[in-house]
Amino acid sequence: MEKPVLVIKIGSSIIADASGNADAAVIQKIVDEVAQLTATNRVVLVSSGAVSSGKNFLKNYKGKLVERKAAAAIGNPILITEYSRYFAAYNIQVAQALFERHHFSNRHQFLQVKDTITELWKNDIVTIVNENDFVSNHELKFSDNDELATLIAVAFNAETMILCTTAGGFLNSAGEVIPLVQNIDNDLLSFLRDETSKHGTGGMASKLSFTRLATTLGIRVIMCGIKGDASFRKALEGEEGTTFKAKRSTLKDRQKWLASGSVTIGSVRIDEGAGKALSNRKSLLAIGIVNVQRPFSKGEVVELVNANGEILGVAKMKLSSAALEEEGARHNLMAAHADDIVIF
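A brief structural summary.

Cut-off values and rules
Residues numbered from 1 in each chain as written. Predicted model: local features only at pLDDT ≥ 70, side-chain atom pairs only at ≥ 80, totals over all residues. Heavy atoms only, no water. Phe/Tyr/Trp six-rings, centres within 6.5 Å; stacked < 30°, edge-to-face > 60°. Helix = DSSP H or I, 4+ residues; strand = E, 2+ residues; numbered from the N terminus. Buried < 20%, exposed > 50% of the residue type's maximum accessible area, 1.4 Å probe, protein only. Pairing = 2+ DSSP bridges. Axes fitted to C-alpha atoms, helices over the stretch in contact; angles between N-to-C directions. Contact = heavy atoms within 4.5 Å. Parallel < 35°, antiparallel > 145°, perpendicular 65-115°, else oblique. Left-handed = near helix turned anticlockwise from the far one by under 90°. Nonpolar A, V, L, I, M, F, W, Y, C, P; charged D, E, K, R; others polar. Salt bridge = Lys/Arg side-chain N within 4 Å of Asp/Glu carboxyl O.

## Comments concerning the packing of aromatic side chains
In the structure shown here, the tally under the stated rule is two aromatic pairs. Relative to phenylalanine 156, the ring of tryptophan 121 has its centre 4.9 Å away and its plane inclined at 70 degrees; by these criteria the two rings are edge-to-face. Here tryptophan 121 is found in helix α6 (residues 107-122), whereas its partner phenylalanine 156 is found in the loop between α7 (145-155) and β5 (160-164), with 35 residues between them in sequence. For tryptophan 121, a relative accessible area of 9% corresponds to the buried category. By relative accessible area, which is 9% here, phenylalanine 156 ends up buried.

## Things to note about the sheet that holds strand β6 (residues 180-181)
One open sheet accounts for eight strands, arranged β3-β4-β2-β1-β5-β7-β8-β6; its pairing is mixed. At either end of the open sheet lies a strand with only one pairing partner, and these are β3 (94-99) and β6.

## Observations regarding the sheet that holds strand β12 (residues 301-305)
Strand order across the open sheet formed by five strands is β11-β9-β12-β13-β15, with mixed pairing between neighbours. Of all strands in the sheet, those bounded by a partner on one side alone are β11 (289-294) and β15 (341-343). Neighbour-to-neighbour, the strand axes of this sheet turn through a mean angle of 25 degrees, independent of strand direction. Two strands pair when backbone bridges link them, and strand β9 (residues 266-270) and β12 are joined in this way by four bridges, in the parallel orientation. Residue pairing across strands places glycine 266 opposite valine 302, the latter belonging to β12. The strands touched by helix α11 (residues 253-260) within the sheet are β12, β13 (311-316) and β15, with β15 carrying the most contacts at an inclination of about 65 degrees. Contacting β9, β12 and β15, helix α12 (residues 272-279) runs over the sheet at an angle of about 105 degrees to β9.

## Quick notes on the side chain of threonine 150
Topologically, threonine 150 is positioned in helix α7. In contact with threonine 150, not counting residues within four places along its chain, are Met161, Phe210, Leu213 and Ala214.

## Section: the packing of α7 against helix α9 (residues 204-216)
One way to put it is that α7 packs onto α9 with a least axis distance of 9 Å and a crossing angle of 10 degrees. The angle between the axes of α7 and α9 places the two elements in the roughly parallel class. As for the relative orientation of α7 and α9, their crossing is right-handed in sense. Packed against α7, whose contacting residues are Asp146, Glu147 and Thr150, the element α9 presents Ser206, Lys207, Phe210, Leu213 and Ala214 at the interface. Taken together, the residues of the contact of α7 with α9 break down into three nonpolar, two polar and three charged.

## Focus on α7
Think of an α-helix as turning once every 3.6 residues; residues three or four places apart then point the same way. Of all 11 residues making up α7, 11 are buried, and the element is well covered by its neighbours. Restricting attention to buried positions, one finds in α7 the residues Asn145, Asp146, Glu147, Leu148, Ala149, Thr150, Leu151, Ile152, Ala153, Val154 and Ala155.

## Focus on the pattern of salt bridges
What the rule picks out here adds up to eight salt bridges. Across the pair glutamate 119 and lysine 122 runs a salt bridge, and its minimum N-O distance is 4.0 Å. On the criterion of helical spacing, the pair formed by glutamate 119 and lysine 122 is a turn pair, its members being three residues apart in helix α6. The partly exposed category is assigned to glutamate 119, whose relative accessible area is 43%. One salt bridge in this structure joins glutamate 272 and lysine 276, with 3.6 Å as the shortest N-O distance. Of this pair, glutamate 272 and lysine 276 both sit in helix α12, four residues apart, roughly one helical turn.

Right, dumping it as structure tokens:
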């Protein structure tokens, strides 16, 4: 049987020591655990820490965008060198993949990404992934590596995604790890704290947002730490951390890409009748669109928004916003086919 895909994301605050430099002892522990898991899983390791590892080499670092790009350019080779050194002890070769957002928004490039990493797996090579901060466009960059890990997990129909954090799991109001989460509801959201990690760009709110997306698309998500023995294995067995149960997903691969990887450019507001029709897997007709909120071209993916401003899903449009506004009076005009619509 083919090994299940496991995506492991390591946060900056896990990697970095107090001064922000890569902590070699932590990297070695991560490698020790991942190396064991490669026997039974196809692993992709999404590792933050490039910016924190490189920023101390820059004079008067203030955290400006251009400084973060420069720090990442310095830190990425530092990280990959450390990972390579420790994986070599297990006779495991590593490969580095630096991604930009358009690698996922363009389906042709998206499929090329899948082919390349699959080829590396065939040769028992562990791919270590990070964002290509050096050239990433500010407006279209990943929000953080939680998003990147989720896109990788969706791309490969991963069985599980591990988000490794300093918190060791998702905590309740008493600071205790919640072992199992069936649904991400308002009760769970009430435990959120307004904070980000010391060296990272994300926080628990970001992790929860992408956990919701991943579980909706059929991926089990585990939040755990790296302290103690065999932390990842224990987390996979439900002994440590927080497990977010996966939902049953009937979406096709292309629809999963629409839901996760595509960059939404435009936005349309739909009426209640259209919302009900879409929930029953119907196509979107022009008559159900109340107005265009952000313009778009034919073939682009847009957000579908209800009267309350809530995003219901996304759709690849058969018409441009201009054509839609010009011809929208035709009640039977199809704006998006059911196969090109994903409701969240």
